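# Chains, contacts and geometry: an overview
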Amino acid sequence: MAKVAIVGAGSWATALAQVLAQNDHSVVLWSRRKELAHLINEGENSRYLPGIKLHSGIAADTDLEKVLQGAVAVVFSVPSHSFRELLKSSLPYLKDDTVVINVAKGLEESSLLRLSEVFAEEAGSVALGRYTVLSGPSHAEEVGRNIPTALVAASQEMATAEYVQDLFMSQDFRVYTNPDIIGVELGGALKNIIALGTGIADGLEFGDNTKAAMMTRGLAEITRLGYSMGANLLTFAGLAGVGDLIVTCTSMHSRNRRCGIEIGRGKTLQQAVESVQMVVEGVRTTKVAYQLAKRQGVEMPITDQTYKVLFENLSPREAVLNLMGRGKKLEVEEIMHG
Ligand SMILES: NC(=O)C1=CN([C@@H]2O[C@H](COP(=O)(O)OP(=O)(O)OC[C@H]3O[C@@H](n4cnc5c(N)ncnc54)[C@H](O)[C@@H]3O)[C@@H](O)[C@H]2O)C=CC1
Ligand SMILES: O=C(CO)COP(=O)(O)O
């Protein structure tokens, strides 16, 4: 039985703790708030994952040093905007060979960096070999109920990705490996923008045709940006690409889609984010991708219009008209050439 630490105690952290504990690992979650740690220690995270009776191998604490001490692996399951700060606080307590797993789906707003790049800045590029991203179509509400789910673990070092695969793999939780850390990180982060966009279209009461068009063309622009940044095109045909796009654009569990629906129905961004009560990563990611698209010289029309709706008061209906009114395009070639 190995000790695995999880930094964060939200919905995804709690669901992953269940998976690990069911695999006979001893799991300790770090929570900022005492009340949340108390709830978890009482057997249910009723704030973030209500209705799931937690495994007896799960505990929670607010003392970061105690949580990390002796852990063979640490999972960071906090919003992307708090990753750097929590990584910095954690590094003094990690051993050189502790495997670091990040499950956040976002990019750093101030630097436009992927989170593995943030890790390399703080821990050194040599340490990247023990860093893994775990991503793919996976809502905490379903994983917590042992609904069959498939994910992908990506690392520069395949032995590390395989270690993470072994740590999590179970009959309900299937993990693939992929050496393309860039593609897996970008797929997971950028799909949230498309979820906001399709949510907005749903809020406007457009139909399935619109949703399918947004998802397909959304994948095209994710692929275009990813390719320009060095990702493997095929990663976007996998779990962290089209797989996650499907789940997030169609599920009522999706925080980003629900936020988009509320905006489409007329709520302000702030009201919509507050109504979700959990992190809506796509809001910050839209800002980052909007700038990355300019930097990389690629077209991201859905991201562009979503940005304008979120931050420039463009009406959702006008955004749809703008997308439909674009000039004529070839479907396939422009994925690689913009
Ligand atoms: N919920 C899900 O089904 C999935 C979520 N993810 C990703 O996992 C990450 C975490 O998401 P959720 O668990 O859904 O979020 P959540 O909103 O349920 O929980 C976030 C947790 O982080 C804590 N937190 C927030 N800011 C913090 C800070 N500055 N310092 C310390 N703690 C802080 C919150 O108190 C809470 O415990 C996100 O990047 C999300 O995209 C990935 C896959 C599935
Ligand atoms: O990434 C996730 C599921 O794979 C969680 O984000 P959403 O809740 O917005 O779908």
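Coordinates for the structure precede this section.
The notes below deal with the structure included here. Sequence order as written defines the numbering, with residues in each chain counted from 1. Key to labels: chains lettered from A, ligands numbered from 1, both in the order written. A pLDDT threshold of at least 70 governs which residues receive local features in this predicted model, and a stricter bar of 80 or more applies before side-chain atom pairs are shown or counted, although totals over entire chains, interfaces and linings include all residues.

## Describing the site of ligand 2
Put simply, the rule reads: Think of it this way: take the backbone, place a C-beta atom on it, and check whether that atom is within 6 Å of the molecule or strand, in which case the residue is near it. Strands are runs of DSSP state E lasting at least two residues, helices are runs of H or I lasting at least four, and both sets are numbered from the N terminus onward. We call Asp, Glu, Lys and Arg charged. Ala, Val, Leu, Ile, Met, Phe, Trp, Tyr, Cys and Pro are nonpolar, and the rest, Gly among them, are polar.
By nearness alone, 13 residues border ligand 2, and Ser 138, Thr 248, Ser 254, Arg 255 and Asn 256 come closest of all. Secondary-structure elements contributing two or more residues to the shell around ligand 2 are α8 (181-203), α10 (239-250) and α11 (255-264). Element by element, the count of residues in the shell around ligand 2 is highest for α10, at three residues. Taken together, the residues that form the shell around ligand 2 break down as three nonpolar, seven polar and three charged.

## Things to note about the pairing of strand β1 (residues 3-7)
Basically, it comes down to this: Here a residue counts as buried when 20 or more other C-beta atoms fall within 10 Å of its C-beta, as exposed when 12 or fewer do, and as partly exposed in between; the C-beta atoms come from the backbone. In this analysis, strands are considered paired if DSSP registers two or more bridges between them. With its strands directed away from the observer, a crossover is right-handed exactly when the path from the first strand over the helix to the second travels clockwise.
Most of β1 is tucked away: four of the five residues are buried. Two elements, β1 and strand β2 (residues 26-30), share five bridges in a ladder whose sense is parallel. Looking across to β2, one finds that Ile 6 is bridged to Leu 29. Regarding topology, helix α1 (residues 11-22) serves as the crossover connection from β1 to the parallel β2, and that connection is right-handed. Here four bridges tie β1 to strand β4 (residues 73-76), and the two strands are oriented parallel to one another. Residue pairing in the sheet places Val 4 in a bridge with Ala 73 of β4.

## Overview of the site of ligand 1
So the rule is basically this: Domain boundaries shown here were taken from an automatic or database domain assignment.
As a structural note, the neighbourhood of ligand 1 is formed by 24 residues, with Gly 10, Trp 12, Ser 82, Ala 104 and Met 278 the closest of them. At three residues, the largest contribution of residues to the shell around ligand 1 is made by α1. Taken together, the residues of the shell around ligand 1 break down into 12 nonpolar, nine polar and three charged. If you count residues domain by domain, the shell around ligand 1 takes at least three from each of domain 1 (3-179) and domain 2 (182-325).

## Points about the nonpolar core
Keep this limit in mind: One nonpolar core equals one set of buried Ala, Val, Leu, Ile, Met, Phe, Trp, Tyr and Cys residues connected by C-beta atoms within 7 Å. Any pair of residues counts as being in contact when their C-beta atoms, constructed from backbone geometry, are within 7 Å of one another.
Ala 5, Ile 6, Leu 16, Leu 29 and Val 74 are the most contacted members of the largest nonpolar core, which totals 102 residues. When residues of this core are assigned to their parent elements, the largest contribution, 12 residues, is made by α8. For this core, the two domains that each supply at least three residues are domain 1 (3-179) and domain 2 (182-325). For Val 74, the residues in contact, after removing those within four places along its chain, are Ala 5, Val 7, Leu 68, Ser 90, Leu 94, Thr 98 and Val 100.

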